Amino acid sequence: MIKELRDIVGAKNVLDNEEALALYAQDRSLSAPKKPFAVAKVNSAEQIQELIAFANKTFTPLIPSSSTIHFYGATLPEHGGVVVDLSGMNKILEIDPLNRKVKIEPGVTWHQLQQALKEHDQMPLNPLFPHPGTSAMTSSLEREPMLIPKYEYGDPVLTMQVHLGNGQLFRTGTASDKHTYGAYPEGPGIDFWRFFLGAQGTMGIVSWLNIKTEYRPKYQKAYFVACDELEDAADPIYKLQRRHIGNECFVLNRFLLAQLLCKEYPKDFTKLMDDLPPYTIILVIAGAPRRPLERIAYEEEALMEIATDMKFEAAKTVGGVAGLGTAILDMLHDLPADGPYWKTRYKNSTQDIFFITTMDRAQGYVEIAQGYAAAYGLTLNELGVYMQPLERGRACHLCFSLPCDLDSEQDRQRIATLHTELSQTLFEQGAFFSRPYGTWADMVYRHATTYTATLKELKKIFDPNNILNPGKLCF
Amino acid sequence: MAKKDIRNNDRHQQILQAFQAAVGPENVKDNPATVNAYYGDWLPPKLLGMSVPPEFVVLPNGTLETQAVIKICNRYKVPFIPVGSNQWSLTGSPNRQGTVIIDCKRMGKIHEIDEKNMYAVIEPLVTLAQLQAEAYKRGLYIGSPEASATASAIAGHCFQGMWGVGYRLGVAYRNILGIEWVLPNGEILRTGSFSLDAQNGFWGEGPGPDLRGMLRGYAGAMGGFGMVTKMAVKLHPYPGPKTWPVRGTIPNQISELPEDRFKWYIIKYDSLEGAINFMYEIGKAEIAGVVQKWPTVYYIWWWANSNEQYWTEWQKRTFQDNVKNAVGVCLWGFTSPKQLEYEKRVLEDIIKETGGKPIKQEVFDLWVPRTANNWIRDTHGSRMMRPSGTFLALRLQTDTLKYAVDHVRQGYEWVEKFSPPILDCDGPDWIGGYDFGHFGFGETDFPVEKRAEDIGDLMNKLLAMTKEDVQNGLENGIGPFLGGPYHQMAAPVFNYEHLLKGIKKAIDPNFVSNPPHNIDPNA
């Protein structure tokens, strides 16, 4: 088998030594390590096609992996097999400023994409300050929420080239027609592109993706609203989003904001934890390409009017933190290329629980999470809370971050149990786990019976031998 | 010899009894007067003798009754066609004997409007106009296609959904949230958040891979994938009044939205390229609620109160001489009146830079009050029939705005080539920008003589053109609107034959859901 893999991707691109395999056997989640048989580093669509042919012949699982960092166990080989490392395919194939889109390969990181788009006065629609190694393509395909909820039309995915488990090379949307610009997601026939979103690589391996870009504002102002409870943040955001105010808009609790802002741990962190309010709404008002300051002015005026009506203060900082606005804007402008991940300053990992809900229900979930956290020895100051309004505040992504020391078996066990129990309770209380990673899959699919049965029917068509990332989702 | 009445047939009686048991005897129709009303309208299939009356019309109430009806169809292997408002018979009229029409007339409830979280849960008979009216009361909004707001909102979301406000809100597929859906095999599929909580449809995706992908495509599944019985749809912030403002009486009603929140412009250019450049700049500037480059024929279609008025005005050349290569823009002050003032300044900058000129004031005054707001709430869709009682379209293409230009240009050539029976229409190029100009849509719509022989001949020529496009690897023309026959032809070329046939076979094993749509798995 190794020989065949070498024939496909070249000898130097096949890893089968214990040390290398151990690296791919685990990620930053609490999932048990699962060693692959080998790793194949690919650098072309043709090699992916050949690997799929090989896998179908030998019934070998292929586990696609686009980056060097993973948090949810999605790239761990449940049934052994070969990890298809796509991180070397990291070219930005085309920037199309006129139609505001970009064509990227799997290994392109958010930092790389942001920098390349800068030259064209464009920006990507990135999630909350992603890890430097995160693949922009995987983020987009896995529906990670964007920081900017103002685009009514929602997700940024346009078209893609995907290698199906059945050996078919397929292009979605108008990319199926070689005469087009590949800008429209629907078709050919039906909306196939949707089957590859949130699929954790089980329906196909995507070798390039067209996503939307937006104008990169030259002028921005950051405003902050201090809140005692998450529910205090919901009503202002409902109002602000309804009135079309701001670009980036999200809420972090003290624990997460302190980690984000601290430069020197633990000194800065401790001070920030003392100074910051329990929750902070972060709202960035941005100028458009034309008359940018005039747009900022009318949005600011409306913000202040709402603040007065609703009796909250929209300020340039919270907790007396000096230079807060500049710090946030700088981070937005320059996503990190390397260095430690901000979410792991307190402990060396974060075990996140995230789901979709509505903002008016978020407080209830926070109270559940706080209760469980306390029962497992986490103080209120050790539970991260991030609320991301979606689609003009119509819904929200709610994320609880549980810090965990991966080097401590005791901490791993404690947080793993907390993670499982809290997830289960949140699920029972109506939290919608739209991206069911790891153990969430069983929790979710057991209840979505016809959905699960239909997905399985689709899987048989797209990947009849179940070679693509078997053991994930309901497959 | 007198034609045998199928109703005396044992099999007919057996199926009738089964339907009656499922939905109540009063909700199953097989009398000629009723079934004959269900097989055609202004579109070509009936005119060309391609349609036949259905054998039954069944009116279930709710998901469970619909499921029972579809299960009966599977048991007896009889084809069924789900219909919404039934304004569109191209794929909704039976093309084979023994067909069952599943009419949603007993499913007209708005289950819920969640004002705070901006969505509504509706049944199939609820029209876009009805939903819009409810949304306005709550400061919310939903788009409508130019085919008319009187269409079923669910069917409108499943079908094309190129809303007048799609520039801002996207195409209707982006608006679909949770779905309750009876598959062709009779299973009830709930998607998005409905999949885990049948009472809560606020979210559309997942869990995991998104099965909403089966529902649509460029022109819907044409009833080939079962029947949606409940859908949650997004509503959007709206700065307009709580009721739609009209004054006067039909057909001379006019509609004016508050001047501090809405402002229409119609700006013309020397060339189509100039108009498209203007549209790109508007999208880049992130302003406006509606941006449409209408063809001349649209101005008069939507405006004329009668066939006589249409042709009188056409001969005067009021529109041909004034709105060629013009773009309609409606600015919306979502945030405040100051947003509107800001957007006016930005738009005026763009007009100046791009060399645009407002159309003559008298033409603007003639057209805008009576007609322009139809792109926000369409009530004049049926006026497309004014010139001849029908219309046809070719070259419907969505990709970028730039791509749309090339394709409507090719459309002109075909229109000229086949005129008559295509009637005078002055280069019928409709181009819309969507998702703030991220992509564009081009369509060539034209009036045509409504004579069977002319339409038949023209249809054949247009189909030949579609075949030629497909052979050249172009997914283009009117093809997607033909559903099954088109997919049969295009699927091998665009590499989705195996996938689509596989899905059809998996969820419609008896091939009963509006065959041959979405594709015939055995062909």
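Because the structure is a prediction, the values reported are computed rather than measured.

> Lay out the interface of chain A and chain B with the relevant residues and their values.
In this complex, chain A contributes 91 residues to the contact, which on the side of chain B involves 91 residues. Of all residues in chain A, the largest losses of buried area upon contact with chain B belong to Arg-290, Arg-394 and Tyr-451 of chain A, amounting jointly to 11% of the total for that side. There are 14 salt bridges connecting chain A and chain B. When the shortest N-O distance is used, the salt bridge between Lys-212 of chain A and Asp-435 of chain B registers 2.6 Å. Scanning the region where chain A abuts chain B turns up 45 residue pairs in polar contact (both at pLDDT 80 or more). With eight residues, the top contributor of residues to the side of chain A that touches chain B is helix α14 (residues 449-462) of chain A. Within the side of chain A that touches chain B, the residues separate by chemical class into 44 nonpolar, 21 polar and 26 charged.

> Tell me about the packing of helix α11 (residues 359-375) of chain A against helix α12 (residues 409-428) of chain A, and please be specific about residues and values.
All names here are of chain A. Running from N to C, α11 and α12 cross one another at 150°; their axes reach a closest spacing of 10 Å. Accordingly, the angle class assigned to the pair α11 and α12 is roughly antiparallel. The crossing of α11 and α12 is right-handed. Residues Tyr-365, Ile-368, Ala-369, Tyr-372 and Ala-373 of α11 form the contact with α12, whose own contacting residues are Leu-418, Glu-421, Leu-422, Thr-425 and Leu-426. Looking at the contact of α11 with α12 residue by residue, the classes come out as eight nonpolar, one polar and one charged.

> Which residues make up the pattern of salt bridges, and what values go with them?
Evaluation of the coordinates by the stated rule reveals 59 salt bridges over all chains. Asp-235 of chain A is the salt-bridge partner of Lys-116 of chain B, the closest N and O atoms lying 3.2 Å from each other. Highlighted residues: Lys-116 of chain B in the loop between β5 (110-114) and β6 (119-122) and Asp-235 of chain A in helix α6 (residues 230-242), drawn from two different chains. For Lys-116 of chain B, a relative accessible area of 35% puts it in the partly exposed group. For Asp-235 of chain A, a relative accessible area of 36% translates into the label partly exposed. Because the salt bridges share partners, they merge into one network encompassing Lys-150, Arg-295 and Glu-299 of chain A together with Glu-286 of chain B.

> Explain the domain arrangement of chain A to me, using residue names and the numbers behind them.
Residues and elements named next belong to chain A. For chain A, the domain assignment lists domain 1 (2-85), domain 2 (92-215), domain 3 (220-333) and domain 4 (347-428). The centre of domain 2, based on its C-alpha atoms, is set 28 Å off from the matching centre of domain 4. The interface of domain 2 with domain 4 comprises eight residues on the first partner and seven residues on the second. Buried surface at the junction of domain 2 and domain 4, both sides included, amounts to about 690 Å², of which 60% is carbon and sulfur. Three residues, Leu-128, Pro-145 and Pro-149, lead the burial of domain 2 against domain 4; their summed loss comes to 58% of the area buried on that side. Scanning the region where domain 2 abuts domain 4 turns up zero salt bridges. Here the residues of the side of domain 2 that touches domain 4 sort into five nonpolar, one polar and two charged.

> Can you break down the pairing of strand β14 (residues 279-286) of chain A residue by residue, with the values?
Each regular strand carries side chains that alternate between the two faces of the sheet. Residue and element names in this part refer to chain A. Burial of β14 is extensive: eight of the eight residues sit out of reach of the surface. Alignment of strand β13 (residues 249-253) against β14, held across five bridges, turns out to be antiparallel. Paired with Cys-249 across the strands is Leu-283, a residue of β14.

Reading the values: the criteria
Residues numbered from 1 in each chain as written. Chains lettered and ligands numbered in written order. Predicted model: local features only at pLDDT ≥ 70, side-chain atom pairs only at ≥ 80, totals over all residues. Heavy atoms only, no water. Contact = heavy atoms within 4.5 Å. Buried area = accessible area lost by both parts, 1.4 Å probe. Salt bridge = Lys/Arg side-chain N within 4 Å of Asp/Glu carboxyl O. Polar contact = N/O pair within 3.5 Å; in protein donor to acceptor, adjacent residues only side chain to side chain. Helix = DSSP H or I, 4+ residues; strand = E, 2+ residues; numbered from the N terminus. Nonpolar A, V, L, I, M, F, W, Y, C, P; charged D, E, K, R; others polar. Axes fitted to C-alpha atoms, helices over the stretch in contact; angles between N-to-C directions. Parallel < 35°, antiparallel > 145°, perpendicular 65-115°, else oblique. Left-handed = near helix turned anticlockwise from the far one by under 90°. Buried < 20%, exposed > 50% of the residue type's maximum accessible area, 1.4 Å probe, protein only. Domains from an automatic or database assignment. Pairing = 2+ DSSP bridges.

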